[in-house]
Amino acid sequence: MQLIHCPWCGPREEVEFHYGGQADVAYPENPAALSDEEWAEFVFYRDNPKGPFTERWSHATGCRRWFNAVRDTRTYEFLATYRIGGPVPATGSEPSQQEVSA
Amino acid sequence: MSRVAGYGRIDRGRTLTFTFDGRTCTGHPGDTLASALLANGVHLVGTSVQLGRPRGIGAAWTDDPTGLVQIEKPFPEPMLQASVVELTDGLVAHGLDGQGWLAAAPDPARYDRKHTHTDTLVVGAGPAGLLAARSAARAGESVVLVDDRAEPGGTLTGTELLDGRPAREFVADVVAELAGNPQVLHLQRTTAFGHYDDGFVLALERRTDHLGTAAPANRARQRVHRVRALKVVIATGAIERPIVFADNDRPGIMLASAARDFLHRYGVLAGREVVVFTTDDAAYPAAADLAGAGAAVTVADARAQLPASGESRCLAAGVSVLRSTVVTGTEGTDRVRAVLARTPDGAIRIPADLLLVSGGWNPAAHLFSHIKGALAYDPALGAFRPAGTLPGITVIGAANGTFDLPGVLRDGAGAEAPASGPEPAGAPTKILWRTEGDRSRQFVDIQRDATVADIERAVGAGMRSVEHVKRYTTIGTAHDQGKTSGVLASGITAELLGNDIAEMGTTTFRPPYTPVAFAALAGRERGTLFDPERITALEPWHLARGAVFEDVGQWKRPRYYPYAGEDMDAAVLRECAAVRGGVGILDGSTLGKIDVQGPDSAVFLDRLYTNMMSTLKVGRVRYGVLCHNDGMVFDDGTVLRLAENRFLVTTTTGGAAPVLEWMEEWLQTEWPQLRVHLASVTEQWSVFPVAGPRSRAVIGEVFPDVDVTNEAFPFMSWQDTTLDGVPVRLARISFSGELAWEVNVGSWYAPALWKRLLAAGERYGITPYGTETMHVLRAEKGYPIIGQDTDGTVTPHDLGMSWVVSKKKEDFVGKRSFSRPENHNPLRKQLVSLLPTDRRTRLPEGSQIVERRDDGRLPEPPVPMLGHVTSSYRSAALGRPFALALVRNGRARVGDLVHVPVDGVLVEAEIGETVLVDPEGARRDG
């Protein structure tokens, strides 16, 4: 069981957290203006990279705050966690869009 | 008796009596069942699982692949190794013939768990681990030291000299130093069985079994320690590797180190005529020690070059040594009688009652492997050892492939390592997996009865990976998880394939290292403590009233309140009739409630609900539906506007937590600029719907200050009042279609108010009703239960609730999905009612619906499915059973007849509108 560093509470056990999918998928400015394909892309499609991946997590049984994390999908290792809207800490390895699998 | 004087650390002053296979035997405190059996001359323990071959004790600890027993007393436990069961007075055990059996009686023992955080965790209290713990403690670190055996010291026999004194004295000094340090927690009989991310280790402590009847009654039998450590030191030693030869599974064949262990730990000489088959030096001390204790010993060494010191020590002890000699078979039935060997001069037969085997050592690197630490083959050892590093993890001593004592001590203490006797120069280990012979009698995994012939078969069937061979042959899947057989299987597979074992690798070690009882993992979380149980403030009243409860998530809710002699159907019909004909009362306190506050609350709710909430007036109530972005309904409930900037949102019972988390997600991640705060008030407010035509009279009498006329208190409005100074909120909300008030009160006052309502309703025959009646009443009105009548693929339109979807709002969550083409597919499943035309059958929920067949017979599959039954009840109001169902294009097919297969018979049913009772809605105003 990993320790996840909640940006508000510090390191806590993994079971206190809920996964919230890919981070920084913004709700479209004007959904009505999107084609069906564009809307489906927003609703259903997410990246699936091999390597660092920016995700949203919620400290569900702790402070109930949502935050962002950079996690390596090959090792599950959390490279960084940070508050939403806060500065993205350097992780040494930047998320690579080239590694997004087809 | 094979007990020898002057050896062992057992307490010979006391005698313990135990029973094995019906025979009464004796032993001493400090014995294991295995050592006591050997002391009593018992070598045959049981028979094997597949072939029924006689099996005995193969090792002195958890690596024993045979020696399985069933404990009968003090508490029945299946399939334990005799070598790990500590002997207690009155123990009753059987040897296993094949498989064990679970106790029929519930386990009365307690199990618990403990969380510990520490700087350094050291696993293993052998010489390396003890010294590592001492070094860490001396450096001021907090230390947890765990070791699976009864006493510290690992495999030190006591014959070694450390710092110029006997090894056991040195061990006692280190242990005393650790015991005097308050920062150190030292636990024996504690097995670290799983190693996980970030220094997380699970360890099982056995706390009472060894105490027998002297165990304190309230002490937990076993405890799982959940240790979180900054640094983990793995000092788990090594496991001796057998060599495979024909008939290598007979009782009286064991690891060389095990025989030495039995002698020095328990004073047991496991045989008088001993053959030691070895390919390395470690067997020589065992041979010499057994000879010194009185056995006649012959060493058969596969190597041409022998270790000079070992050979001379053996010769001094009267041991004959055969070089370039391998064991090829054995004779005997219930115990080995003779050893067959091949020397450079030809085949020989050596009479023997004990055959010891030593093919080198495998580092016990399991805990390193659990966390994906890489292992690599070391050709000098013939074994896999840790390769590469992991942050915070150190592997030391034999677990890391360091087998000489000075090296082990250096691994543990560096420059502070105690002096030990000089290690005699040795000869290189010969890597030998098996000798020639009948492959179908050469056992690789003795417990599984899996042989070299089985590996051959696996390879012949095309298996190339050791992981596949393992699963094909079952090698390494028994209680010992291949502690002795795993590397052999890799080696023999490589040999058969002509591959390099270094490239074959070994199977992955996974937790647990040794078997762990589910009871220990469950700890206190069993029975009523298995999962939190949530009860409402009225629980005692419900119990006294004889309610039958149902689980709704973690909540315990009254399902119905039967009278004497009533079954559920009768009780529910009575409760339903009471509500529609008079007045009923429900404990609806489990309803999810979220207090929404802040200047942007109305904007926030407009963005989430499909309908408009900002236009709701203070004092009014509106029903709302929540969808995900995909446009599918996931919860519903009512919204009360309490003030300009404050709403009370209700959710389904099961949706309370998910809806709150989902709302927080939107608020925190998408719209952090909105000034809104959310708080769960589910448990703070108790809610009692009072429903039925006589509810107005009851509410009017209990709350005389409230004008309960329709004009003053219209449907979908709420009012605050007080009762004896206690704040009460009343709301005209109906989930039954009847005239109804929801009475909300702080949970502290709930029992008192509930009783006031019952007292006032007595002359109207007020009837408490449960969730089953609630479900029937709402279904008669066509109100869906989200999660029962929907399944995540249902839109508000599918539910026939287009009216709840705002056309004015520019956007809300899910809106854009409603215009996708699939949402306009006329063949979507829609919520309708189904009325079985026989007026008798209650259609089972989940039943499939098919087109009506004139011949009344289900055709051969595939049969196109039109949909399925989502809710189904008997109705007092309709006088017949009815159902709700999701049916393809259902609303356009109202009046059609369909068939529902029930127990192989087609039941005819008519599709109807969802609202079956009071479609005009006349009853809601009384």
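As the structure is a prediction and not an experimental result, all values here were calculated from the model. (Residues numbered from 1 in each chain as written. Chains lettered and ligands numbered in written order. Predicted model: local features only at pLDDT ≥ 70, side-chain atom pairs only at ≥ 80, totals over all residues. Heavy atoms only, no water.)

1. Section: the overall build of chain B
Moving on, step 1. A tally of helices and strands in chain B yields 21 helices and 49 strands.
Moving on, step 2. By principal-axis analysis of the C-alpha atoms, chain B measures approximately 115 × 70 × 55 Å.
Moving on, step 3. For chain B, the share of sequence-separated contacts (at least 6 apart) that also reach a separation of at least 24 residues comes to 65%.
Moving on, step 4. Only carbon and sulfur atoms are counted for the fraction: they give 52% of the accessible area of chain B, which is about 36,800 Å².
Moving on, step 5. Put simply, chain B has 98 plus and 110 minus side-chain charges, and the middle of one group is 2 Å from the middle of the other. (Helix = DSSP H or I, 4+ residues; strand = E, 2+ residues; numbered from the N terminus. Contact = heavy atoms within 4.5 Å. Areas by Shrake-Rupley, 256 points an atom, 1.4 Å probe, with all protein chains shown as cover. Lys, Arg positive; Asp, Glu negative; His and termini not counted. Charge placed at Lys NZ, Arg CZ, Asp CG, Glu CD.)

2. Observations concerning the confidence of the model for chain B
For any part of a model where pLDDT is low, the fine detail of the predicted coordinates should not be relied upon.
Moving on, step 1. Across chain B, the average pLDDT comes to 96, with 100% of residues at 70 or higher.
Moving on, step 2. This complex was scored by the predictor with a pTM of 0.90 and an ipTM of 0.90. (pLDDT = per-residue confidence, 0-100.)

3. Brief notes about the environment of Gly598(B)
Residues and elements named next belong to chain B.
Moving on, step 1. Residue placement: Gly598 occurs in the loop between strand 34 (592-597) and helix 16 (601-608).
Moving on, step 2. For the pair Gly598 and His677, spaced 79 residues apart in sequence, the C-alpha to C-alpha distance is 6.1 Å.
Moving on, step 3. Discounting chain neighbours no more than four positions away, the residues touching Gly598 are Asn645, Arg675 and Val676.

4. Structural notes on the domain arrangement of chain B
Moving on, step 1. Domain parsing of chain B yields domain 1 (16-104 + 240-358), domain 2 (109-235 + 361-421), domain 3 (438-510), domain 4 (539-589 + 685-778), domain 5 (592-680) and domain 6 (825-926).
Moving on, step 2. The centre of domain 1 of chain B, based on its C-alpha atoms, is set 74 Å off from the matching centre of domain 4 of chain B. (Domains from an automatic or database assignment.)

5. Comments concerning the UniProt feature "domain: Aminomethyltransferase C-terminal" (unreviewed entry) in chain B
Moving on, step 1. The sites that UniProt annotates as "domain: Aminomethyltransferase C-terminal" (unreviewed entry) are residues 829-918 of chain B.
Moving on, step 2. The straight-line gap between the two end C-alpha atoms of residues 829-918 of chain B is 25 Å; of that span, 0% is helix and 49% is strand. (UniProt positions renumbered as here; feature names shortened; annotations may be inferred.)

6. Describing the UniProt feature "domain: GCVT N-terminal" (unreviewed entry) in chain B
Moving on, step 1. The UniProt entry lists residues 540-809 of chain B under the feature "domain: GCVT N-terminal" (unreviewed entry), expressed in the numbering used here.
Moving on, step 2. Between the first and last C-alpha atoms of residues 540-809 of chain B the distance is 47 Å; the span itself is 27% helix and 28% strand.

7. Comments concerning the sheet that holds strand 49 (residues 905-912) of chain B
All names here are of chain B.
Moving on, step 1. One closed barrel holds the six strands; their spatial order is 44-47-46-45-48-49, and the pairing between them is antiparallel. Strand-to-strand twist across the sheet, computed as the mean angle between neighbouring axes with direction ignored, equals 45°.
Moving on, step 2. Where strand 44 (residues 829-836) meets strand 49, four bridges bridge the pair, whose relative direction is antiparallel. Bridged to Pro836 within strand 49 is Ala909.
Moving on, step 3. Packed onto the sheet, helix 20 (residues 771-780) meets strand 46 (867-875) and strand 47 (880-888) and runs at close to 110° relative to strand 46. (Pairing = 2+ DSSP bridges. Axes fitted to C-alpha atoms, helices over the stretch in contact; angles between N-to-C directions.)

8. Focus on a negative patch on the surface
Moving on, step 1. A cluster of like negative charges, contributed by Glu14(A), Glu77(A), Asp197(B) and Asp198(B), occupies part of the molecular surface.
Moving on, step 2. As for its placement among the helices and strands, Asp198(B) is situated in the loop between strand 13 (190-196) and strand 14 (200-206).
Moving on, step 3. Exposure remark for Asp198(B): the relative accessible area of 39% places this residue in the partly exposed category. (Patch = residues over 30% accessible without salt bridge, like charges linked within 9 Å, V, L, I, M, F, W, Y side chains within 5 Å. Salt bridge = Lys/Arg side-chain N within 4 Å of Asp/Glu carboxyl O. Buried < 20%, exposed > 50% of the residue type's maximum accessible area, 1.4 Å probe, protein only.)

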